[in-house]
Amino acid sequence: MLSLQQQKALQWLDEGINFLITGGAGCGKTSTEKAAHLLNGVTIHAFAGIEIGVKSLEYYKRHMHPDIKKTWLETDCYDELFEGIQIIACGDFFQLTPVKGKFVFKSKIWQQYMTQVLVLTECFKQKEDAQFFGALNEIRFGQVSDQTIDYFMTRCFVNDENINNKYTRLVFRNLEVDIYNNNKMDNIKYEGRWFYAKDVIKNPNIPYSFQITAAVYLKISVVVMLVRNINVEEGLCNGSVGTVTLLEINAVWVSMNGKEVKIEFVKEDILDCSHTVVGSRLGLPLKLAFSFTVHKAQGSTMRKAVINFNSKAFNNSLYYVTLSRVCDINDIFIILNDK
């Protein structure tokens, strides 16, 4: 059931208003590039054919693919934002900062056209734990009370030796992920198997970013995460974590959500600005999940999370994003050793 605020968003959608949907973690918005995949849409960068958009205008004029250039030339130009197309933005500026550049709300175009903001305040993720939700909001706004500090200190541990190895470890840097995952794999005595994806690229000049990895090496008992929605009704969705129980030639059995499920190869399509398939990947929608970065976890809901705060975050917003991945304070295990 939609909240009153979400119903307001639908009303503004019908009225053609440009607006921003924002709010804390778990309030019912959609963020990050995952949304484009889940909605069969494309990111702005893919639509415009500008890769990550950090090079000069002259570079893109010289190197832009003819199909993308044709789209630009056939676009009607008006003195309006995105040629008068309605824009609905979703995100939380208190979470992860831009990888490059400044926040979008600092631009003159944003200030001119994105005049309406809808702030979602009703929590869906931590709705059963009001104290946890309130404590997270203090961290989000940077106004943390001594009571909240004491509250989270109840979930602190000197090390993770006695914490279930199947719980995912969240860290801040890719190097830490690789080290932890490789160490865990080396300690597993079972024989492993590589699963290789097959790509069909129709337009090699368009940059591709598949959620499914090109190759993944798995063993029985390894912790894995789904990177695609398989069956949302049964909880087999992007971000779900489980343990491998059996390896087949082109499939893997995983213990997930309390039952054994067979994960087979699935197809992932990349669309251009006209929603034409320009590339496809057929592969196993799993990746190792003993550990992964907070950036990878953004937008996901986790059952349990072990967080190593001995590794200092390079951005303070990472702490809020990390702690808000779970629904209950008791699902967090903070590793903090001041020695």
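Here's what I pulled together on the structure shown here. (Residues numbered from 1 in each chain as written. Predicted model: local features only at pLDDT ≥ 70, side-chain atom pairs only at ≥ 80, totals over all residues. Heavy atoms only, no water.)

Regarding the sheet that holds strand S9 (residues 223-226)
Piece 1. One open sheet accounts for five strands, arranged S12-S11-S10-S9-S15; its pairing is antiparallel. Two strands in the sheet have a free side with no partner beyond their single neighbour: strand S12 (259-264) and strand S15 (286-288). Pairs of neighbouring strands in the sheet enclose a mean axial angle of 45 degrees, with direction left out of account.
Piece 2. The sheet contact formed by strand S11 (residues 251-256) and S12 spans six bridges and is antiparallel. Following the sheet pairing, Ala251 is matched in S12 by Glu264. (Pairing = 2+ DSSP bridges. Helix = DSSP H or I, 4+ residues; strand = E, 2+ residues; numbered from the N terminus. Axes fitted to C-alpha atoms, helices over the stretch in contact; angles between N-to-C directions.)

Regarding the pairing of S9
The two faces of the sheet receive side chains in turn, since in a regular strand these alternate between them.
Piece 1. Covered by surrounding structure in S9 are Val223 and Met225 together with Val224 and Leu226, the residues of both alternating faces.
Piece 2. Relative to S15, S9 runs antiparallel, the two being bridged by three bridges. By the bridge assignment for S15, Val224 is matched with Leu288. (Buried < 20%, exposed > 50% of the residue type's maximum accessible area, 1.4 Å probe, protein only.)

Things to note about helix H7 (residues 130-141)
Every α-helix winds through 3.6 residues per turn, so residues three or four apart in the chain are directed the same way.
Piece 1. The end-to-end C-alpha distance of H7, which contains 12 residues, comes to 17 Å, matching closely the 16 Å that a straight helix rising 1.5 Å per residue would cover.
Piece 2. Within H7 the residues assigned to the buried category are Phe132, Phe133, Ala135, Leu136, Ile139 and Arg140. All buried residues of H7 lie within an arc of 165 degrees about the axis, which places them on one face of the element.
Piece 3. Contacts from the buried residues of H7 go to strand S1 (19-23), helix H8 (146-153), helix H11 (317-323) and strand S18 (332-335).
Piece 4. With its phi angle positive at about 70 degrees, Gly142 sits one or two positions after the end of H7. (Expected span 1.5 Å × (residues − 1). Arc of directions from axis to C-beta. Contact = heavy atoms within 4.5 Å.)

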